[in-house]
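An overview of the molecular structure
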Protein chains: 2
Amino acid sequence: MTVKAYGAHAADKPLESLTIARRAPGPHDVQIEIAYCGVCHSDLHTVKAEWAGTLYPCVPGHEIVGRVSAVGAHVTGFRTGDLVGVGCMVDSCRHCADCEAGLENYCDAMVGTYNGATGDAPGHTLGGYAERIVVHERYVLRVRHPEHQLAAVAPLLCAGITTYSPLRHWHAGPGKTVGIVGIGGLGHMGIKLARAMGAHVVAFTTSESKRRDAEALGAHEVVVSRDAAALAARARSLDLIVDTVAAPHDLDAYLTLLKRDGTLVLVGAPATPHPSPQVFDLIMKRRALAGSMIGGIPETQEMLDFCAAHGIVADIELIRADGINAAYERMLAGDVKYRFVIDNATLAA
Amino acid sequence: MTVKAYGAHAADKPLESLTIARRAPGPHDVQIEIAYCGVCHSDLHTVKAEWAGTLYPCVPGHEIVGRVSAVGAHVTGFRTGDLVGVGCMVDSCRHCADCEAGLENYCDAMVGTYNGATGDAPGHTLGGYAERIVVHERYVLRVRHPEHQLAAVAPLLCAGITTYSPLRHWHAGPGKTVGIVGIGGLGHMGIKLARAMGAHVVAFTTSESKRRDAEALGAHEVVVSRDAAALAARARSLDLIVDTVAAPHDLDAYLTLLKRDGTLVLVGAPATPHPSPQVFDLIMKRRALAGSMIGGIPETQEMLDFCAAHGIVADIELIRADGINAAYERMLAGDVKYRFVIDNATLAA
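Residues numbered from 1 in each chain as written. Chains lettered and ligands numbered in written order. Predicted model: local features only at pLDDT ≥ 70, side-chain atom pairs only at ≥ 80, totals over all residues. Heavy atoms only, no water.

**A few points about the domain arrangement of chain A**
Residue and element names in this part refer to chain A. The condition is simple: An automatic or database domain assignment supplies the start and end points of every domain. Buried area is calculated as the accessible area (1.4 Å probe) missing from two parts once they are joined, with the contributions of both summed. Any Lys or Arg side-chain nitrogen located within 4 Å of an Asp or Glu carboxyl oxygen qualifies as a salt bridge. Each polar contact in these results corresponds to two N or O atoms within 3.5 Å; when the atoms are within protein, one needs to be able to donate a hydrogen and the other to accept it, and residues that are neighboring in sequence are counted only if both atoms are side-chain atoms.
Domain boundaries in chain A define domain 1 (2-158 + 295-348) and domain 2 (160-291). Here the C-alpha centroids of domain 1 and domain 2 sit 27 Å apart. Summed over both sides, the interface between domain 1 and domain 2 buries roughly 1700 Å², with carbon and sulfur atoms accounting for 59% of that surface. At the junction of domain 1 and domain 2, the tally comes to three salt bridges. The closest approach of N and O atoms between D315 and K192, which form a salt bridge, is 2.6 Å. Inspection of the region where domain 1 meets domain 2 yields 13 residue pairs in polar contact (both at pLDDT 80 or more).

Printed below as a string of structure tokens:
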């Protein structure tokens, strides 16, 4: 079957309306009519081939929510009409230690929701900027939010789980002081989630102008990272910092804010490396610099359920599909609070 | 009281025989006749003022073993004649969270065994290249090895605990594959300790010539780190790597050898930073780059007891005090298997 989509034919071409094929649902597949799809910075990097290996046509989008329109004969977890989500992956090997641990995101054979290897035409996966998608039920999530929040649920599938997973893994919660660096698509979710987990939340931003916004999102404190005295006042006081900033920056400024045994977790990968951190800052307090990538399927479901229970969604700006190129320009300028979401109904226009 | 010692009057002067003062034992002090003192690379860095802040005269030495010759009135843990050790610290604040956790090594007010602040003359601490030392009992360790092993016990007080602590903290043991990078003073202890803990031990060295030595120390496998194919064969297979190499080197070569959730722990601090690690190598498998510094007093006692129970000592070359300058030259050339230890009886000559 063919469906309408939005994507690019080359790195130097704008996104445009396309027609793509979707497979008929196999016995374990769930067919989803996509209602909304969040716009992640990774979409832009991939479409513009800023990371190696982009295949064209490229249809991005891995923050997908919608309604089940058909299920395969062996599907047990979903029925037609269910509200569901699909995040950054649509397949993995299903038998390695990572998959068995429910950490499919770390499987060497993880298949991304777009630009991943697949037997379907055209040989690589096509993402959520489309009317419909067909996904093996293992990689489909249940959405328990009320339907009127559905558009704002979409970014939870990437921005939400990418911050939720390290917060949980490194034990954010009551009695812990947690820093969130950067107040963008990921950071604004990090603040909301860390707050809901019961941690004392310190937001770090380069701009005094974002102080009020960060407080409104739930930060107990806001530190302007260009204010050396404000940083120094927070030295050795944080248990965990989730750093969402993908641009190269000084990691020592944050490492030194950690208590003994604290961890600075990077969830963004800069195109060029950060300045090398001082080994002394790691050794002196047994600190760690770590990385974390999205989250596994069970943890993504847990995150969605946590957000539904706590009334958490992303702050979004809804756009039409044909507004995606302009939205990318605004993302590059940092002009979005905090996530663009495509209304996929506009693909049909 | 005055005792003979060996130390330097300036960064550009060789070490020579000195006479220094030691305080009379206070109510909580233990007075120790030093039998042997290990020679750590930190001694050399400090004497030559390669790190900031060396105070002169400088008497190094923080791998101290000997016999108690007097105790203060309130000392309960030690008696005259006991075999004891003193490691890298002789005091700390005793009430911060780190001290209360028995991690005095991470206390902001930790006082090093040499070059630390003290009320005793000359205003900074003087270390173990001396006939005698007086230390608060909290910072004195019990030695349970047989006396004939005493010289080879000395390096456990720094090289031993510096590798033991991260191996324990990051759970080296049966079922775990542990890498040790560098086969020197620290690395040779790391191999012995990780092996005794029950881990599968992989030693990494730049030199094929060290293969047999590393196997003799207990390594199950030896990988020559200049052999790209040998490194690639170990990709994603280690749980923990303790990196003892203080010279700047490529950390990505080791990060990529870690499994998901693996940790690369640095225990050496290079004078200039390592090349910046690739963030992608951290993110892809939720890996961590961490640091660790010596170990706390309770853990140092645990390490000494573990070594006594397992018959573990350092491999040493015993030297006279007046051989220290020549020994430093050989250390700089990497010509020692694997630790020089001063016979402090030669100070009296």
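**Remarks on the pairing of strand β15 (residues 288-291) of chain B**
Residues and elements named next belong to chain B. Selection rule: Residue exposure (1.4 Å probe, protein chains only): buried if accessible area is under 20% of the type maximum, exposed if over 50%, otherwise partly exposed. Put simply, DSSP marks the helices as runs of H or I at least four residues long and the strands as runs of E at least two long, and each gets a number from the N terminus on. Being paired, for any two strands, means DSSP has found at least two bridges between them.
Residues A288 and A290 point to one face of β15 and L289 and G291 to the other, with burial holding for every one of them. Sheet analysis places strand β14 (residues 258-266) next to β15, joined by four bridges and oriented parallel. Bridge pairing in β15 links T263 to A288.

**Focus: the nonpolar core**
For the record, the criterion: Only buried residues count toward a nonpolar core, which is a set of Ala, Val, Leu, Ile, Met, Phe, Trp, Tyr and Cys residues joined through side-chain atoms within 4.5 Å. Note on contacts: a residue pair is in contact if any heavy atoms of the two residues lie within 4.5 Å.
Counting residues in hydrophobic clusters, the biggest one holds 234 residues, and the most contacted among them are A:Y129, A:L167, B:Y129 and B:L167. Dropping the residues within four chain positions of it, A:L167 is found in contact with A:A172, A:V178, A:I180, A:G190, A:L193, A:A194, A:M197, A:L240 and A:V242.

**Overview of the pattern of salt bridges**
Within this structure, the stated rule accounts for 48 salt bridges over all chains. Salt-bridge contacts for B:R23 lead to B:D120; the nearest nitrogen and oxygen are separated by 2.7 Å. Of this pair, B:R23 sits in the loop between β2 (16-21) and β3 (29-39) while B:D120 sits in the loop between β7 (111-112) and β8 (132-136), and the two are 97 residues apart along the sequence. With relative accessibility at 26%, the residue B:D120 sits in the partly exposed group. B:R138 is paired through a salt bridge with B:E104; the nearest N and O atoms lie 2.8 Å apart. Within this pair, whereas B:R138 is found in the loop between β8 and β9 (141-142), its partner B:E104 is found in the loop between α2 (97-100) and β7, the two being separated by 34 residues in sequence. By relative accessible area, which is 2% here, B:E104 ends up buried. Connected through salt bridges with shared partners, the residues A:D98, A:D108, B:R236, B:R260, B:D261, B:K285 and B:R286 form a single ionic network.

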